[in-house]
Amino acid sequence: DLETLATAYYWVELVDQLTQPHDPHEPIFELLQFVFHALTSLPPSFLSRFFEIRLLREVGLLPHLEGCLGCGVKDPEKIYFSIRQGAIFCPACRRQAPESKLLSRGVLESMRRLQEIKEQASFSGMGDVLTPPVEREMEGIMERFLVDRLGKRLLTRRFLSQVKSLKVIYSNRL
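The shown structure was predicted, so the numbers you read here are calculated from the model rather than taken from an experiment.

Engineer: Can you tell me about a nonpolar patch on the surface, naming the residues and giving the values?
Structural biologist: The grouping of Leu2, Leu5, Tyr9 and Phe159 at the surface amounts to a nonpolar patch, some 410 Å² of accessible area in total. Top element by residues in the nonpolar patch is helix H1 (residues 2-18). It accounts for three residues. Position of Phe159 relative to the elements: it lies in helix H7 (residues 155-173).

Next comes the structure, spelled out in structure tokens:
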């Protein structure tokens, strides 16, 4: 379907933008093979969140998710994420990142789990954490984070958003 195809193009453009030409990066190639194969059995939106997290980790741009960047507390009661700093902050340290926004615990847990998954069998149980509202929140965060790091919104990302919008419109008419 068109969403699946647009998603695959998005992944390729993302790799193109985050890597150097003629740099044979085998782990990234293997990641692409993995998600292309998984498209036959898993939703494209879920695989995109997995791909984004794993690719960012591979190129050294993964946000700091282990604990508050300011004080190091592991699991603050409220979590704030700074797109600009690529890190989480607790309420006490949030003044170091005044532009940071409240982040749901589900998004933080999903981001942490997705960076640790080794194989497709490990996806079981992710549906308990990466619920549709969490996935939508995470999609918005990842898009803003990537725009910040790349300095632009990818053309395929824009196209993918349009495809998803049309899918919603047509599904509501049926």
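Engineer: I'd like a rundown of helix H4 (residues 105-116), residues and numbers included.
Structural biologist: The terminal C-alpha atoms of H4 lie 17 Å apart, and with 12 residues this matches the ideal 16 Å at 1.5 Å per residue to within 8%. Looking at H4, one finds that the buried residues are Gly106, Val107, Leu108, Ser110, Met111, Leu114 and Gln115.

Engineer: Give me the lowdown on the packing of helix H2 (residues 26-38) against helix H3 (residues 44-59), citing residues and values where you can.
Structural biologist: Packing of H2 against H3 brings their axes to within 11 Å, and their N-to-C directions diverge by 175°. What the angle tells us is that H2 and H3 run roughly antiparallel. On H3, the residues touching Pro27, Ile28, Leu31, Leu32, Phe34, Val35 and Ala38 of H2 are Leu47, Phe50, Phe51, Arg54, Leu55, Glu58 and Val59. Residues of the contact of H2 with H3, tallied by class, amount to 12 nonpolar, no polar and two charged.

Engineer: So, the environment of Glu139: which residues are in play, and what are the values?
Structural biologist: Within the secondary structure, Glu139 is located in helix H6 (residues 132-150). Owing to a relative accessible area of 14%, Glu139 belongs among the buried residues under this scheme. Remark: the alpha-carbon pair of Glu139 and Leu32, spanning 107 residues in sequence, is separated by 19 Å. Apart from the residues lying within four places of it in its own chain, the contact partners of Glu139 are Arg49, Arg157 and Lys164.

Conventions adopted
Residues numbered from 1 in each chain as written. Predicted model: local features only at pLDDT ≥ 70, side-chain atom pairs only at ≥ 80, totals over all residues. Heavy atoms only, no water. Patch = residues over 30% accessible without salt bridge, like charges linked within 9 Å, V, L, I, M, F, W, Y side chains within 5 Å. Areas by Shrake-Rupley, 256 points an atom, 1.4 Å probe, with all protein chains shown as cover. Salt bridge = Lys/Arg side-chain N within 4 Å of Asp/Glu carboxyl O. Helix = DSSP H or I, 4+ residues; strand = E, 2+ residues; numbered from the N terminus. Expected span 1.5 Å × (residues − 1). Buried < 20%, exposed > 50% of the residue type's maximum accessible area, 1.4 Å probe, protein only. Axes fitted to C-alpha atoms, helices over the stretch in contact; angles between N-to-C directions. Parallel < 35°, antiparallel > 145°, perpendicular 65-115°, else oblique. Contact = heavy atoms within 4.5 Å. Nonpolar A, V, L, I, M, F, W, Y, C, P; charged D, E, K, R; others polar.

None of the figures reported here should be taken as evidence of function without further support.
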